[in-house]
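Analysis of the macromolecular model
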Amino acid sequence: MAKDKSFKFGLTVSCVILLIPIVYIIVCLFNSYIVSGLLLLIPVISFVLSLILVLIKKIPNIIKVILPILILLVTLFVFLFFSFFGVTVEFRAFDGVDEINEYYTDFNFDEFGEYESISSYKYREISIFPFESDTTILKYDKVNFEESKQDINSTYAFYSEKSFTFEDFDFKVIDINDYPTEIELVGVDNESCEIAYVTFRSSEITLGLDDIEPLDEFLNFYCGWEYVLKERS
């Protein structure tokens, strides 16, 4: 009887450990977080280890009760530590005016001229030093594309010698007053007649232009374009 009770108790604790990654995945899906492989691996390994201890018949009953509890507590501590002090990545994609309006309450569509389609992407890293980036990509017909390029050149001033090409977009860094806590870029794809506007913001850290070299890596990792490209592919 005691053996059955210890087995059932240990099995129950193991199932509780297995609930951790399940709840984590649900939270990520609900909040548009990118699922971390590390945060999934920790409780999965703990579950397997706990289950093995429960199933081995030669292990004393008291051990089958105590060790799963210790594994659960250690797993919760490590999981919560990495959750709060690690990096949580949020990524959202919006296709079209209606989806953008559902998320942004003050999105200014008029500033982009006459476009054929519009997509917007939100990238955010939640950590000790959080930052976020917004990307808007618009597709034009040839006439309006050329007009929009002229408007960009007449509206914005750019940092000299800070242009680069990334995934067919020719990017320039806009000279703005809020730099370096806010960095803005404009990219033009002459083949597809698309224009990309990128805004990077951080309230905790400041970046100099020399600190974000190379600029294509800054765009890809700090501005979330590794996820933007996957969404567009």
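These notes cover the structure that comes with them. None of the values given here were measured: they were computed from a predicted structure.

Definitions and limits used
- Residues numbered from 1 in each chain as written.
- Predicted model: local features only at pLDDT ≥ 70, side-chain atom pairs only at ≥ 80, totals over all residues.
- Heavy atoms only, no water.
- Helix = DSSP H or I, 4+ residues; strand = E, 2+ residues; numbered from the N terminus.
- Contact = heavy atoms within 4.5 Å.
- Areas by Shrake-Rupley, 256 points an atom, 1.4 Å probe, with all protein chains shown as cover.
- Lys, Arg positive; Asp, Glu negative; His and termini not counted.
- Charge placed at Lys NZ, Arg CZ, Asp CG, Glu CD.
- Pairing = 2+ DSSP bridges.
- Axes fitted to C-alpha atoms, helices over the stretch in contact; angles between N-to-C directions.
- Salt bridge = Lys/Arg side-chain N within 4 Å of Asp/Glu carboxyl O.
- Buried < 20%, exposed > 50% of the residue type's maximum accessible area, 1.4 Å probe, protein only.
- Parallel < 35°, antiparallel > 145°, perpendicular 65-115°, else oblique.
- Nonpolar A, V, L, I, M, F, W, Y, C, P; charged D, E, K, R; others polar.
- Polar contact = N/O pair within 3.5 Å; in protein donor to acceptor, adjacent residues only side chain to side chain.
- Core = buried A, V, L, I, M, F, W, Y, C linked by side-chain atoms within 4.5 Å.
- Phe/Tyr/Trp six-rings, centres within 6.5 Å; stacked < 30°, edge-to-face > 60°.
- Lys NZ or Arg CZ within 6 Å of the ring centre and 35° of its normal.

A word on the overall build of the protein. Across its full length, the protein carries seven helices and seven strands. The C-alpha extent of the protein, read off along each of the three principal axes, is 80 × 35 × 30 Å. Considering only contacts within the protein whose residues lie at least 6 apart along the sequence, 58% involve residues at least 24 apart. Summed over its atoms, the accessible surface of the protein is roughly 13,500 Å², and 59% of this surface lies on carbon and sulfur atoms. Charged side chains in the protein number 17 positive and 37 negative. The centres of these two groups are separated by 21 Å.

This part is about the sheet that holds strand E3 (residues 131-139). Taken together, the seven strands give an open sheet; going across it, the order is E1-E2-E3-E7-E6-E5-E4, and neighbouring strands pair in antiparallel fashion. Each edge of the open sheet is held by one strand with a lone partner, namely strand E1 (88-95) and strand E4 (158-166). Taken over all neighbouring pairs, the strand axes of this sheet differ in orientation by 15° on average, direction set aside. Where helix H7 (residues 225-232) meets the sheet, it contacts E1, strand E2 (117-126), E3, E4, strand E5 (169-174) and strand E7 (194-201), and its direction lies at approximately 40° from that of E1.

This part takes up the pattern of salt bridges. Under the counting rule described, the total for this entry stands at eight salt bridges. A salt bridge links Arg 201 to Glu 132, with the nearest nitrogen and oxygen atoms 3.1 Å apart. One end of the pair, Arg 201, is in strand E7; the other, Glu 132, is in strand E3, and 69 residues separate them in sequence. For Glu 132, a relative accessible area of 23% puts it in the partly exposed group. Between Arg 232 and Glu 194 there is a salt bridge, with the nearest N and O atoms lying 3.1 Å from each other.

The next subject is the packing of helix H6 (residues 215-222) against H7. Where H6 meets H7, the closest approach of the two axes is 5 Å, and the angle between their N-to-C directions is 70°. Judged by the angle between their axes, H6 and H7 are roughly perpendicular. Here Leu 219, Asn 220 and Phe 221 of H6 lie close against H7, whose contacting residues are Trp 225, Glu 226 and Leu 229. Here the contact of H6 with H7 is built from residues that sort into four nonpolar, one polar and one charged.

For Lys 122, the location among the structural elements is in strand E2. A polar contact is formed between the side chain of Lys 122 and the side chain of Asp 134, at a distance of 3.1 Å.

By size, the foremost hydrophobic cluster in this structure holds 23 residues, and its most contacted members are Phe 171, Leu 185, Leu 219 and Trp 225. Excluding anything up to four places from it in sequence, Phe 171 contacts Lys 162, Ser 163, Phe 164, Phe 166, Leu 185, Val 186, Gly 187, Ala 196, Val 198, Leu 219 and Trp 225.

So, on to the pairing of E7. In summary, the side chains of a regular strand alternate between the two faces of the sheet. Of all eight residues that make up E7, seven are buried, and the element is covered over most of its length. Hairpin connection of strand E6 (residues 182-189) to E7: four residues between the antiparallel strands, including Cys 193 at a positive phi of 60°.

For the rest of this paragraph, the subject is the packing of aromatic side chains. Here the distance between the centres and the angle between the planes together describe a pair of aromatic rings. Per the counting criterion, the structure on display carries 25 aromatic pairs. These aromatic residues form a ring-pair network of at least three members: Phe 94, Tyr 103, Tyr 104, Phe 107, Phe 109, Phe 112 and Tyr 197. Note that Lys 172 overlies the ring of Phe 158, its terminal NZ or CZ placed 5.2 Å from the centroid.

Sequence spacing of Glu 132 and Ile 183 is 51 residues, and the spatial spacing of their C-alpha atoms is 11 Å. Sequence-distant contacts of Glu 132, that is, excluding residues within four places in its chain, are made with Lys 122, Tyr 123, Arg 124, Thr 199, Phe 200 and Arg 201.

Let us look at the packing of helix H2 (residues 37-55) against helix H3 (residues 61-85). The geometry of H2 relative to H3 is characterised by a closest axis approach of 10 Å and an angle of 180° between their N-to-C directions. When the interaxial angle is binned, H2 and H3 end up roughly antiparallel. For the pair H2 and H3, contact is made by Leu 38, Leu 39, Ile 42, Pro 43, Ser 46, Leu 49, Ser 50, Leu 53 and Val 54 and by Lys 64, Leu 67, Pro 68, Ile 71, Thr 75, Val 78, Phe 79, Phe 82 and Ser 83, respectively. Residue composition of the contact of H2 with H3, by class: 13 nonpolar, four polar and one charged.

Turning next to the pairing of E2. Where burial is concerned, most of E2 is hidden: seven out of the ten residues are buried. Note: E1 against E2, eight bridges, orientation antiparallel. Across the sheet, Asp 95 pairs through a bridge with Ser 119, a residue of E2. Two elements, E2 and E3, share nine bridges in a ladder whose sense is antiparallel.

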